[in-house]
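Results of the structural survey
Here's the letter readout for the chains.
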Amino acid sequence: MKKYLVTGLLLICCMYARAIEYPSVSKILKNGLKVIVCQKPGNDYVFLQVWYRAGSKDEAPGVHGMAHMFEHMMFRGTERYPGHSFFRNVEKVGGVLNASTHSDFTEYHEYIPKTALDMCMDMEADRMGNLKVTQEILNTEREVVGEEFRDNMNNWEGRMILNEYKALYPDNDPYTVNPIGSLEEITSFTSDECMDFYNKYYSPNYAYVVVVGNVNPDDVFAMADKYFGALTKQLNLTDKSNLPDLTKSKPKISEMPLDQIMQVYSYVIPYPEISNKDFYALNMLTGLLFLDQNSILNDILVKKKHLVFAIIAPDEGFYKYPSEQTIDFFMKAFPGNFKVKKIVNDEINDIIANGVPQSLIDNYIKAKEAADIQSNYSAESIGNTLGYAELYFGDYQKAYHNIDAYKKVTVDDIKRVASTYFAPERISVINIKPE
């Protein structure tokens, strides 16, 4: 799940595409809850999401992994909907439900018949205001979360990513700990600590609702007010300040052991927050140079010279605050692999000096526009796109103009961000190799 694969990949991919511009409107309830409704013609199913602006960035020392754990707790019931009522009620009407945890947020969703929207709004509002976590429930769910952690650590690539992540950030950064957390801390959580997290971060004015489907917005707003409007809890949370300057920070290690007969050069790049003016140009450059199927280095190192098996980014870089992004070059463990670094450095230096041909930028835009058509066809993908835009820009309407930001990127912008973010003093390489 991105920093850890907790968040669904669809949430990541949808930020690259421009959503089909179905009519979308919003209303803010008296308690601060924003309700976003997108009218999408189609079947009689609707997609309902509740987003909370709380993720692993909000965890305190000693409770790392709490945001993900709490995602599980939210499905364990209230006095009105105890036990597994949430699952049973959704499944009996032919719906599906799930949730995801990220460094910046936690979201819960249901895809249900339109006739069940009233019921799901009631349940979502009830657990927003009346969740009860007992030690018995916590003991059960942390076994599940602990098993997820162990399963991930049993996979060599997942283990590599999690172990490397521990070295990426300075200790006072909000992203210091991966959303999966620490197994030692997960297994020692108390129910009081869970309720403390709930009381600090779950409230109407720190959340928003997205509904996508063939619905009447006024009906949805009335329904939301009926169920969520009675919640009075308010939080006064502010953005984090005194963030460390990641452009002047280095990973805590330069080498890391790997229990596979494989070598990985992991390039660590300080990435700006998604709202930064440099984000789209840097994201385009990262795709053109490293990650796209026909990227410059993929063409040279994978297709032509066969020096690298694959170039992969475990994370896609959508964050509220500056982050460290890794780009991994997977190779056979071999003494001559230093050639890969030289080729990468030569290509970076060439772009810093000369930029990239305009034709590459044009092709990148065409690919994004094609992705728009392909990925934004379902209520779920549209809801995710709207939700992401609301989270990171405070304006869900920007979901419809993502491609426009890429269209403004020039060759000079590419040269500028290359010299800024790919400069030798900023980019780092962790050599991950067999013990």
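The rules behind the values
Residues numbered from 1 in each chain as written. Predicted model: local features only at pLDDT ≥ 70, side-chain atom pairs only at ≥ 80, totals over all residues. Heavy atoms only, no water. Helix = DSSP H or I, 4+ residues; strand = E, 2+ residues; numbered from the N terminus. Rg over C-alpha atoms; globule rule 2.2 N^0.38 Å. Buried < 20%, exposed > 50% of the residue type's maximum accessible area, 1.4 Å probe, protein only. Contact = heavy atoms within 4.5 Å. Areas by Shrake-Rupley, 256 points an atom, 1.4 Å probe, with all protein chains shown as cover. Lys, Arg positive; Asp, Glu negative; His and termini not counted. Charge placed at Lys NZ, Arg CZ, Asp CG, Glu CD. Pairing = 2+ DSSP bridges. Axes fitted to C-alpha atoms, helices over the stretch in contact; angles between N-to-C directions. Phe/Tyr/Trp six-rings, centres within 6.5 Å; stacked < 30°, edge-to-face > 60°. Lys NZ or Arg CZ within 6 Å of the ring centre and 35° of its normal. Arc of directions from axis to C-beta. pLDDT = per-residue confidence, 0-100. Disulfide = S-S within 2.5 Å.

1. Quick word on the overall build of the chain
Within the chain, the regular secondary structure consists of 16 helices and 11 strands. Relative to the globule expectation of 22 Å for 435 residues, the C-alpha radius of gyration of the chain, 22 Å, shows essentially globular dimensions. Along the longest, intermediate and shortest principal axes, the C-alpha atoms of the chain span 65 × 45 × 40 Å. Looking at the chain as a whole, 57% of its 435 residues are labelled buried. Restricting to contacts in the chain with at least 6 residues of sequence separation, those with at least 24 account for 82%. When the accessible surface of the chain is totalled, it reaches about 18300 Å², and 51% of it is carbon and sulfur. Between the centroid of the 45 positive side chains of the chain and the centroid of its 58 negative side chains there is a distance of 3 Å.

2. Focus on the sheet that holds strand S2 (residues 34-39)
Read across the sheet, 6 strands follow the order S1-S2-S6-S3-S5-S4 without closing on themselves; strand pairing throughout is mixed. The sheet is open, and its two borders are formed by strand S1 (24-28) and strand S4 (96-101), each paired with just one other strand. On average, each strand axis in the sheet is inclined to that of its neighbour by 15°, with strand direction left out of account. Sheet topology places strand S3 (residues 45-52) next to strand S6 (residues 207-213); 7 bridges connect them, and they run antiparallel.

3. Regarding the packing of aromatic side chains
Throughout the structure, instances matching the rule amount to 31 aromatic pairs. Centre to centre, the rings of tyrosine 52 and tyrosine 108 are 5.8 Å apart; their planes meet at 80°, and the pair counts as edge-to-face. Taken together, the residues tyrosine 52 in strand S3 and tyrosine 108 in strand S5 (residues 106-113) connect sequence positions 56 residues apart. Tyrosine 108 matches tyrosine 52 in its accessibility class, with the two residues each being buried. Both rings, one in phenylalanine 70 and one in tyrosine 202, keep their centres 5.0 Å apart while their planes meet at 65°; by these two values the pair is edge-to-face. A residue pair is termed long-range when its members are at least 10 positions apart, and phenylalanine 70 in helix H2 (residues 66-73) and tyrosine 202 in the loop between helix H8 (191-201) and S6 qualify at 132 residues. Each of the two residues, phenylalanine 70 as well as tyrosine 202, counts as buried. The ring of tyrosine 198 has lysine 233 lying over it, and the distance from NZ or CZ to the ring centre is 5.0 Å.

4. With respect to H8
Among all positions of H8, only Ser191, Cys194, Met195, Phe197, Tyr198 and Tyr201 are buried. Taken around the axis of H8, the buried residues stretch over an arc of 155°, which confines them to a single face. Buried positions along H8 lie against S3, H2, helix H4 (117-130) and helix H5 (135-153).

5. Section: the confidence of the model for the chain
Across the chain, the average pLDDT comes to 91, with 95% of residues at or above 70. pLDDT under 50 marks residues 1-19. Its contacts with residues more than four places away, or in other chains, come to 84 contacts.

6. Quick look at the state of the cysteines
Enumeration according to the criterion identifies 0 disulfides in this entry. Looking at the unpaired cysteine 120, the closest cysteine sulfur is the one in cysteine 38, lying at 19 Å.

7. Points about the pairing of S5
The buried fraction of S5 is high, at 7 of 8 residues. Taken together, the 8 bridges between S3 and S5 define a ladder with antiparallel strand orientation. Residue tyrosine 45 lies in a different strand from S5, and its bridge partner there is proline 113. Pairing of S4 with S5, which is carried by 6 bridges, proceeds in the antiparallel orientation. Bridge pairing in S5 links threonine 101 to threonine 106. The turn linking S4 back onto S5 is made up of 4 residues.

8. Some details on the environment of glycine 181
Structurally, the position occupied by glycine 181 is in the loop between helix H6 (156-165) and helix H7 (183-186). Along the primary structure glycine 181 and serine 56 are separated by 125 residues, whereas in three dimensions their C-alpha atoms are 8.1 Å apart. If sequence neighbours within four positions are ignored, glycine 181 has contacts with His64, Gly65 and Phe149.

9. Quick look at the sheet that holds strand S10 (residues 323-331)
Read across the sheet, 5 strands follow the order S7-S11-S8-S10-S9 without closing on themselves; strand pairing throughout is mixed. Strand pairing shows two members of the sheet lacking a second neighbour, strand S7 (255-258) and strand S9 (310-312), which therefore form its edges. Each neighbouring strand pair of the sheet contributes to a mean axis angle of 20°, computed without reference to strand direction. In terms of strand pairing, S7 meets strand S11 (residues 428-434) through 4 bridges, oriented parallel. Within the sheet, the bridge partner assigned to leucine 258 lies in S11 and is proline 434. Along the sheet face, H6 touches S7, strand S8 (263-271), S10 and S11 and points at about 140° away from the line of S10. Of the strands in this sheet, S8, S9 and S10 are in contact with helix H10 (residues 279-291), which crosses S8 at around 165°.

10. Topic: the pairing of S8
Taken across its 9 residues, S8 has 9 buried, putting it largely inside the fold. Both faces of S8 are covered, namely the face carrying Gln263, Tyr265, Tyr267, Ile269 and Tyr271 and the face carrying Val264, Ser266, Val268 and Pro270. Where S8 meets S10, 9 bridges bridge the pair, whose relative direction is antiparallel. Within S10, the residue paired with tyrosine 271 across the bridge is serine 323.

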